[in-house]
Amino acid sequence: MKISIADAFDLPEWLGTHEVRWHAESSLLLSPSVPGVVAAGPELTQQLDLLAVDAAHPQPVCPEPQRSAAHQSWHYGEVALLDVDGRLAAAVPGTRFDANLACEALRRVAKAVGAPESNFTVAVTL
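Residues numbered from 1 in each chain as written. Predicted model: local features only at pLDDT ≥ 70, side-chain atom pairs only at ≥ 80, totals over all residues. Heavy atoms only, no water.

**As for the sheet that holds strand E4 (residues 36-39)**
Working step 1: One open sheet accounts for four strands, arranged E5-E4-E2-E9; its pairing is mixed. Looking at strand neighbours, the two that pair on one side only are strand E5 (45-47) and strand E9 (120-125), the edges of this open sheet. Going across the sheet, the axis of each strand differs from the next one's by a mean of 20°, ignoring polarity.
Working step 2: As judged from the three bridges shared by E4 and E5, these two strands associate in the antiparallel manner. Each residue of the ladder has a partner; that of valine 37, found in E5, is glutamine 47.
Working step 3: Strands strand E2 (20-27) and E9 of the sheet are contacted by helix H3 (residues 99-112), whose axis makes an angle of about 150° with E9. (Pairing = 2+ DSSP bridges. Helix = DSSP H or I, 4+ residues; strand = E, 2+ residues; numbered from the N terminus. Axes fitted to C-alpha atoms, helices over the stretch in contact; angles between N-to-C directions. Contact = heavy atoms within 4.5 Å.)

Below, the structure written as structure tokens:
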């Protein structure tokens, strides 16, 4: 698995200007990686996963430099964005997600792209 730091400035401009809806493509409880998509209509979509960077069984899901960056960003009220094998992921300290943590991660993504929190709607499967 190849993981590197991604830059919010490389995201589509519409993420910061349109009302968008993020939805999980699987249950939050199945794994430390939750595939998802953020969309502002059928033509404006961006894949955006959530990654719990501290999960380590049966093997670590995130290399130490990116895990450390995720923790540092979270400490300062931000979220680190990672490229995980060509998929964009919001990196979150922890080992798994619940609805509150997923919403907080997406709130921080909204902040990263300069969008009002109210522009983001989150839909999850519990």
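**Notes on the pattern of salt bridges**
Working step 1: Going through the model one piece at a time under the given rule, you end up with seven salt bridges.
Working step 2: Salt-bridge contacts for arginine 87 lead to aspartate 49; the nearest nitrogen and oxygen are separated by 2.7 Å. Within this pair, whereas arginine 87 is found in strand E8 (residues 87-92), its partner aspartate 49 is found in strand E6 (residues 49-52), the two being separated by 38 residues in sequence.
Working step 3: Among the residues examined, arginine 87 registers a relative accessible area of 32% and is labelled partly exposed.
Working step 4: Among the residues examined, aspartate 49 registers a relative accessible area of 7% and is labelled buried. (Salt bridge = Lys/Arg side-chain N within 4 Å of Asp/Glu carboxyl O. Buried < 20%, exposed > 50% of the residue type's maximum accessible area, 1.4 Å probe, protein only.)

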